[in-house]
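What follows is each chain in one-letter form.
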Amino acid sequence: MHLLRLNFAVALSGFRRYATYRVATAAGVFTNTVFGFILAYTFIALWHTHPHLGGYDQSQALTFVWTGQALLAAAALMGGGFQDEFHERIRNGDVAIDLYRPIDLQLWWLASDLGRAAFQLLGRGVVPLAVGALAFDLALPASPRRWLLFLPSVLLAVVVSFALRYLFALCGFWLLDATGLNALSALLSLFFSGMLLPLTVFPGALGEVARLLPWSATLQVPADVLMGTQPGSAGAGLAFQAGWALVLLTAGRLLQTVATRKVVVQGG
Amino acid sequence: MADGKPRSLSPGPGGRLGTLLDDAVWGLRAYGFIVAMWVRSTMAYRASFLIMLAANFATAGLDFAAIMIMFAQVDALGGFTLPEVAFLYGTSCVAFGLSDLLLGTAERVGRRVRDGTMDVLLTRPVPVLSQLAADRFALRRLGRVIQGSLVLGWSLTRLEVDWTPGRVALLASMVLCGAAIFGCLFVVGGAFQFWAQDASEVQNAFTYGGTTLLQYPPTVFGKDLVRGVTFVVPLAFVNWLPALRLLGRDDPLGLPDWLDLAAPAVALLCCAVTGLVWRAGLRAYRSTGS
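Within each chain, residues carry numbers counting from 1 in the order of the written sequence. Written order decides the labels, with chains lettered from A and ligands numbered from 1. Local features in this predicted model are restricted to residues whose pLDDT is 70 or higher, and side-chain atom pairs enter the listing and the counts only when it is 80 or higher, whereas totals over whole chains, interfaces and linings include all residues.

- With an unreviewed UniProt entry as reference, chain A is termed ABC-2 family transporter protein, source organism Streptomyces spirodelae.

Structure follows, in structure tokens:
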């Protein structure tokens, strides 16, 4: 009970921390919206020449674009969030202080990242999606049931994204300069989440493999759950996300144990 | 700031124009000094540099990977073939990459105003813009230029264009004027942050958004959007208008032919406006105090 309250407090301050910068949030919304328009027009051209590409009709493809812009900041699809901060604490040795706090390291960062994501979903996600829905004919569901399934799917997307970034950040214990690794993490996320193009459009084996990788749980699956285009059912999509979340969080836990036992903290 | 510079470095033959020219030369030289310093410091960690160069190359290449995947499914996008789109992509990336390499760090104005380090720049006898643009000069950004050049080179081997000297000159001017126009966007974006320190992300919509937009043919976009990036933010002069002429395509807006060749004039005009905006921004600067 105490632990739950503590983590909730951490999440809440994560939310408030990002909510403080209103001008920065407005700037982010503007940029997401501009990118949404650019992508939407290229998708219209693409689906005009090839209707039903990747199993989507044009309005579904556009819904995918705007869902991507809505989740870009919340699910940290371009990296960042806690990742840079945590990595910096590992690099300069401050993580030693975090480790002797009477709270679990992984849970602490997860709670703060969930708080950040909650704000960015509301602050940076809702407006671009609304603008997209006004400017284009989107395939947003009318039934509240799909939206109710979409929310846990977004939550799981954030958790999977967190677990992936946590693993990359932990590598900082072994590499003094992990900026290259962070770049790789962002690269993989942008490409394999579906941010550039829906994974269903990827040809052949590349597409099949991409849909099984954990990054597909961060955008492709939530978008499919929202539009009702998830193969199998929405439940299968949620189970896929939950499975990856569990595997990656466990891996993060194991790597953390190894890292804190074997590695000398830098700095001094 | 010009008054503060060391006398020995600016002999100043007299006359207003002469002083102005001297200031510009001094600004560029100072920029060169600071850049050289950062390059030397970067090269101290060579492995790190090579990894980041590769990362920049790969990140820039992601957009082209998406275009390749699109063309695995369709033969033409907005009526343009893959080599034609690759030509647009290459010219947009090289022009943007050059300006990002040379002026990209000008986007740190907001951060410097917030943490108070802008004051330090004002006390040095070097133009503030030279210092800002050269600060943390990141040679790794060459990765984008290299990636764009490779795509551009490939497209040139596939396009059926009769390369007369005039057309070669047009291509060269596209890249140079394009870099100048993007550079102006970086500096105007930086100046804007004197007024709105937290809004650095707005300029990404024009810089990164601009280069993404120009990678695709103008026929893909709505006419109003094309009009906007021709007459309001003159991105169309970076590659769309000259490229349409090189590729022998009709302009979707039906603009007069001479506009295809107007990029150098537009770039000059942009530089003049940018200079005024930058000065106004710098004058509006209020230190964080405390």
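**Quick word on the overall build of chain B**
And step 1. The helix and strand tally for chain B stands at 13 helices and 0 strands.
And step 2. Note on conventions: DSSP H or I runs of at least 4 residues are helices, E runs of at least 2 residues are strands, and numbering of each starts at the N terminus. If you list the helices and strands of chain B from N to C, you get α-α-α-α-α-α-α-α-α-α-α-α-α.
And step 3. Restricting the calculation to C-alpha atoms gives the radius of gyration, and the globule rule supplies 2.2 Å times the number of residues raised to the power 0.38. Its C-alpha atoms give chain B a radius of gyration of 20 Å, within 12% of the compact-globule value 19 Å for 290 residues.
And step 4. With respect to the three principal axes, the spread of C-alpha positions in chain B is 60 × 45 × 35 Å.
And step 5. For chain B, with 290 residues in total, the buried portion stands at 43%.
And step 6. Whether two residues are in contact depends on their C-beta atoms, placed from the backbone: they are in contact if these lie within 7 Å. Sequence separation of 24 or more characterises 82% of the internal contacts of chain B that already satisfy a separation of 6 or more. Working definition of burial: number of other C-beta atoms within 10 Å of the residue's own, with buried at 20 or more, exposed at 12 or fewer, and partly exposed in between, all C-beta atoms being placed from the backbone.

**A short note on helix 1 (residues 2-19) of chain A**
All names here are of chain A.
And step 1. Between the first and last residue of a helix there are one fewer steps than residues, each counted as 1.5 Å, and that sum is the expected span. Between the first and last C-alpha of helix 1 there are 26 Å, a value that for 18 residues agrees with the 26 Å anticipated at 1.5 Å per step.
And step 2. Restricting attention to buried positions, one finds in helix 1 the residues Val10, Gly14 and Tyr18. Taken end-on, helix 1 shows its buried residues confined to a sector of 70°, consistent with a single buried face. When the buried face of helix 1 is taken as reference, the exposed residues oriented beyond 90 degrees from it are His2, Arg5, Ala9 and Arg16.
And step 3. Considering only its buried residues, helix 1 is in contact with helix 6 (105-135). Think of it as the arc spanned by the lines of direction from the helix axis to the C-beta atoms.

**Section: the environment of phenylalanine 35 of chain A**
And step 1. Relative to the helices and strands, phenylalanine 35 of chain A resides in helix 2 (residues 22-49).
And step 2. Sequence separation of phenylalanine 35 of chain A and glutamine 69 of chain A is 34 residues, and the distance between their C-alpha atoms is 7.8 Å.
And step 3. Non-local contacts of phenylalanine 35 of chain A, meaning those with residues more than four positions away in its chain, are made with Gln69 of chain A together with Gly209 of chain B.

**Focus: the nonpolar core**
And step 1. Among the nonpolar cores identified, the biggest contains 154 residues, and Leu71, Ala75, Ala157 and Val160 of chain A together with Val85 and Ile181 of chain B are the most heavily contacted of them.
And step 2. Sequence-distant contacts of alanine 157 of chain A, that is, excluding residues within four places in its chain, are made with Leu71, Ala75, Ala217, Thr218, Leu219, Pro222 and Gln241 of chain A. Linking buried Ala, Val, Leu, Ile, Met, Phe, Trp, Tyr and Cys residues through C-beta atoms within 7 Å yields a set, and such a set is a nonpolar core.

**Quick notes on the confidence of the model for chain B**
Residues and elements named next belong to chain B.
And step 1. The predictor's confidence in any single residue is recorded as pLDDT, a number from 0 to 100. Per-residue pLDDT for chain B averages 90, and the proportion of residues at 70 or more is 94%.
And step 2. Below a pLDDT of 50 lies the segment residues 1-12, which in the model reaches 14 contacts outside its immediate sequence neighbourhood of four places, other chains included.
And step 3. For this predicted complex, the interface confidence score (ipTM) comes to 0.89, while the overall pTM stands at 0.91.

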